[in-house]
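Architecture and fold: a report
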Amino acid sequence: MKGKLALVTGSTSGIGLGIAEVLAQRGVNIVLNGFGDPAEIERLRAGLASRHGVEVEYENADLMKTDEIEALIGRIVERHGAIDILVNNAGIQHVARVENFPVDRWDAVIALNLSAAFHATRCALPAMQQRNWGRIINIASAHGLVASVEKSAYVAAKHGIIGLTKVVALENAKTGITCNAICPGWVLTPLVQKQIDARAAADGISTEQAKLDLVSEKQPSQEFVTPEQLGELAAFLCSPAADQVRGVAWAMDGGWTAQ
Ligand code: NAD
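Residues numbered from 1 in each chain as written. Predicted model: local features only at pLDDT ≥ 70, side-chain atom pairs only at ≥ 80, totals over all residues. Heavy atoms only, no water.

1. A look at the side chain of N89
Among the structural elements, N89 can be located in the loop between strand 4 (85–88) and helix 4 (103–131). By relative accessible area, which is 10% here, N89 ends up buried. The residues touching N89, leaving out its near neighbours within four places in the chain, are T9, G10, I15, G16 and I139. (Helix = DSSP H or I, 4+ residues; strand = E, 2+ residues; numbered from the N terminus. Buried < 20%, exposed > 50% of the residue type's maximum accessible area, 1.4 Å probe, protein only. Contact = heavy atoms within 4.5 Å.)

Written out as structure tokens, the structure reads:
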């Protein structure tokens, strides 16, 4: 893996940052992407590079916009020849019943959690195919395998990305390019913290209690999955041992989808 190049979308925070950290540990050069305070992002970029002795670049493309995704992949391919490892991770959530679901939130969740992965994949594939090597890892969710109320757009996008994963895996099955999905259960990131805070406010309980209630409701282990654990799974999927892992939706969810 040493010397390969990975683009991890949505890697200024949470799971994407955890995956970038573990890949960098393995000697992979990283392109970070996502939003945030520029000084904080520069601190993350420089820290990753110096801790692991790899090259780390940052790209601020807004992945809700098809033209920005095309330009992003185009720039990286021009600079490096190909993206060896593409981790489609950027995602957002919106919680509301279907009859109340704001149409613009539906469009945004589908655009980022599903269509962005399609656009990044279609743009990155030709250069991977020329090298006959590549790894595409889509960060789906337990919600790619099962549903929960009030998450119609998210559940639809995550089920959809697992379908996309299988098609990309099959279309490239006779090549050195694999495509797989990772399905995390609850991970304590800003995306989930928002849901914990909303629950604490709605139920009139402490955030600690809301955190425990949230994780216990779905996840039999009653423990959060960590970004580092997901990073290790991503690193495995990039390794030669995973050459024949193709088109799977691999749960790391504390038992959520075993029920
Ligand atoms: P997070 O909010 O911590 O991070 C999201 C990242 O995406 C950030 O870097 C953010 O800047 C970036 N981002 C947001 N909008 C963007 C845009 N338009 N263009 C580019 N980047 C953008 O979230 P997280 O919990 O780390 O989630 C990462 C992925 O993991 C998502 O796809 C999410 O659905 C999935 N996931 C999360 C959990 C969980 O419990 N946290 C569980 C299962 C799946």
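2. Some remarks on the domain arrangement of the protein chain
The accessible area lost on association of the parts is a frequent measure of interface size. The domain boundaries assigned to the protein chain delineate domain 1 (5–186 + 225–258) and domain 2 (188–224). Relative placement of domain 1 and domain 2: their C-alpha centres are 24 Å apart. At the junction of the two partners, domain 1 supplies 18 residues and domain 2 supplies 14 residues. Carbon and sulfur atoms supply 61% of the area buried between domain 1 and domain 2, which totals about 1,200 Å² over both sides. Linking domain 1 with domain 2 are zero salt bridges, by the criterion used here. Our count for the contact surface shared by domain 1 and domain 2 stands at five residue pairs in polar contact (both at pLDDT 80 or more). Class assignment of the residues belonging to the side of domain 1 that touches domain 2 gives a composition of six nonpolar, ten polar and two charged. (Domains from an automatic or database assignment. Buried area = accessible area lost by both parts, 1.4 Å probe. Salt bridge = Lys/Arg side-chain N within 4 Å of Asp/Glu carboxyl O. Polar contact = N/O pair within 3.5 Å; in protein donor to acceptor, adjacent residues only side chain to side chain. Nonpolar A, V, L, I, M, F, W, Y, C, P; charged D, E, K, R; others polar.)

3. Focus: the packing of helix 4 against helix 5 (residues 152–171)
Viewed as axis vectors pointing N to C, helix 4 and helix 5 meet at an angle of 15 degrees, and their least axial separation amounts to 7 Å. When the axis of helix 4 is compared with that of helix 5, the two are roughly parallel. Crossing of helix 4 against helix 5: the hand is right-handed. Between helix 4 and helix 5, the contacting residues are W106, V109, I110, N113, L114, A117, F118, T121 and L125 on the first element and S152, A153, Y154, A156, A157, K158, G160, I161, L164 and V168 on the second. Each residue belonging to the contact of helix 4 with helix 5 can be placed in one class, and the counts come to 14 nonpolar, four polar and one charged. (Axes fitted to C-alpha atoms, helices over the stretch in contact; angles between N-to-C directions. Parallel < 35°, antiparallel > 145°, perpendicular 65-115°, else oblique. Left-handed = near helix turned anticlockwise from the far one by under 90°.)

4. Focus: the site of the ligand
Taken together, 30 residues lie around the ligand, and S13, N89, Y154, V187 and T189 are the ones closest in. One of the backbone nitrogen or oxygen atoms of F35 is found 2.8 Å away from an oxygen atom of the ligand. In the complex, 93% of the free accessible area of the ligand, which totals 820 Å², lies under the protein chains. Only helix 1 (14–25), helix 5 and helix 6 (190–203) provide two or more residues apiece to the shell around the ligand. (Near = heavy atom within 4 Å. Areas by Shrake-Rupley, 256 points an atom, 1.4 Å probe, with all protein chains shown as cover.)

5. Remarks on the sheet that holds strand 3 (residues 56–59)
Paired through their backbone hydrogen bonds, the strands of a sheet run either parallel or antiparallel. Spatially, the seven strands line up as an open sheet ordered 3-2-1-4-5-6-7, and their pairing is parallel. Each edge of the open sheet carries a strand with a single partner, namely strand 3 and strand 7 (249–252). The sheet shows a mean angle of 20 degrees between the axes of neighbouring strands, direction not considered. Note: strand 2 (residues 29–33) against strand 3, four bridges, orientation parallel. Residue pairing in the sheet places L32 in a bridge with Y58 of strand 3. (Pairing = 2+ DSSP bridges.)

6. So, the pattern of salt bridges
Proximity of charged atoms lets side chains of opposite charge pair with each other. Applying the stated criterion to the full structure yields 15 salt bridges. Notably, a salt bridge pairs E57 with R79, separated by 2.8 Å at the nearest N-O pair. Of this pair, E57 sits in strand 3 while R79 sits in helix 3 (residues 66–80), and the two are 22 residues apart along the sequence. Between K65 and D62 there is a salt bridge, with its nearest N and O atoms 3.7 Å apart. For K65, a relative accessible area of 40% puts it in the partly exposed group. The buried category is assigned to D62, whose relative accessible area is 18%. Each of E57, E59, R75 and R79 takes part in one network of salt bridges that share partners.

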